[in-house]
Amino acid sequence: MFNLFRVSNKLRFYLFLAVAGIVSLFVCAPALPYSIELPEAYPDPTNDIPWKSGVGFGGVDDIEAAFNYARSQEGGGLPTMDLPSQSTWNAMSDNEKALWLIDSERLARGINRLHGYESNVTSVAQNYADWLLDNDAWGHYADGKNPAIRLGENIEIANCHDEYQLWMENLYALATTASSIPLPIERAIYGWMYVDKSSSWGHRYLLLYEGFVENGGPGDREGFMGIGRANGKPYTINSTTYPTAEVIVFNMFDPCSNWDYEAPPPSPGGFFLPLVYK
């Protein structure tokens, strides 16, 4: 196993990690508009917590084992994660899986859940994931824009967002010489949460972000997310081109007070399946 860190500017940190034939790459979100206050009982880990040795990437049992090991190593008495059945998990979309994992991490730390995933945010994330893979490119500014511009080009988001809540983004990529990569969404969430010391936990801060303006929708939820995932084509990581890759883009934004929440919130607790809003 090897690690290679490269700093490209003050806002972007790259991490390359090769384990068992899979190469991963992720980049931290741009600096958030103001600091994030997390409960004192759950500070950042002192060091990265890699996916537990000996735990594979086969399904919900492995996901639980990896996340629960990370929680135990982080300390603070975090509750264990208990995922749905394998059949239920398999039937969930990328957005549903990401939201389930993120909300579980937020609730475990006493942080309000997100409102949900949202079609406009997902569209922005998906378009950029496709662009990065199609152009064999990487970074928040690879298309000559930035997260704020890409989100702001969506008319629904541009017309209804709270101030300073428009440009939050995480990126993640995996590549391999094999024909497929298991658990790409789950590994992206895990990496942003627990293998992020090199970027001062910037990815983690975004997943646990509490700075949304709670001025609409259910009072115990805040903020929208969207996941974009592109896979396939040859993709270059650390000057090596691989035949198979997964490129994942994660965006969040804070809707304005008159956003139209068309769907009811999912039931709290248990094996809820998150719902799409708007």
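Preceding this section is the structure that the text describes.
Residues numbered from 1 in each chain as written. Predicted model: local features only at pLDDT ≥ 70, side-chain atom pairs only at ≥ 80, totals over all residues. Heavy atoms only, no water.

Colleague: Before we go on, may I ask you to explain the side chain of Arg187 in this structure?
Modeller: With respect to the element layout, Arg187 can be found in helix H7 (residues 184–194). A distance of 2.9 Å separates a polar atom in the side chain of Arg187 from the backbone oxygen of Pro182. (Helix = DSSP H or I, 4+ residues; strand = E, 2+ residues; numbered from the N terminus. Polar contact = N/O pair within 3.5 Å; in protein donor to acceptor, adjacent residues only side chain to side chain.)

Colleague: Would you mind going over helix H1 (residues 60–74) with me for this structure?
Modeller: Owing to its 3.6 residues per turn, the α-helix brings residues three or four apart onto one side. The terminal C-alpha atoms of H1, which comprises 15 residues, lie 21 Å apart, in line with the 21 Å expected from a rise of 1.5 Å per residue. All of the buried residues in H1 are Val60, Ile63, Glu64, Ala66, Phe67, Asn68, Ala70, Arg71 and Glu74. If you follow the buried residues of H1, they end up packed against helix H2 (86–91), helix H3 (94–108), H7 and helix H8 (202–207). Positive backbone phi, at 85°, marks Gly75, one or two positions downstream of H1. (Expected span 1.5 Å × (residues − 1). Buried < 20%, exposed > 50% of the residue type's maximum accessible area, 1.4 Å probe, protein only. Contact = heavy atoms within 4.5 Å.)

Colleague: Even after reading the chapter, I still don't get the nonpolar core, so can you show me in this structure?
Modeller: Ile189, Tyr190, Met225, Phe250 and Met252 are the most contacted members of the largest nonpolar core, which has 43 residues in total. Counting only elements with at least two residues in this core, the list comes to H1, H3, strand S5 (168–176), H7, H8, strand S6 (224–232) and strand S9 (244–253). The biggest single contributor to this core is H7, with 7 residues. Counting residues in hydrophobic clusters, the runner-up holds 17 residues, among them Ala129, Leu132, Ala175 and Ala245. (Core = buried A, V, L, I, M, F, W, Y, C linked by side-chain atoms within 4.5 Å.)

Colleague: It is not clear to me how the state of the cysteines should be interpreted in this structure. Could you clarify?
Modeller: Covalently bonding the sulfur atom of one cysteine to the sulfur atom of another cysteine gives a disulfide. Inspection of the entire model under this criterion finds 1 disulfide. Sulfur-sulfur distance for the disulfide between Cys160 and Cys256 comes to 1.7 Å. Across the disulfide from Cys160 to Cys256, rotation about the S-S bond amounts to roughly -85°, and the bridge is consequently left-handed. Here Cys256 lies in the loop between S9 and strand S10 (276–277) and Cys160 lies in the loop between helix H6 (155–158) and S5, a separation of 96 residues in the sequence. Note on Cys256: relative accessible area 11%, which makes it buried. (Disulfide = S-S within 2.5 Å.)

These figures capture arrangement, not role.
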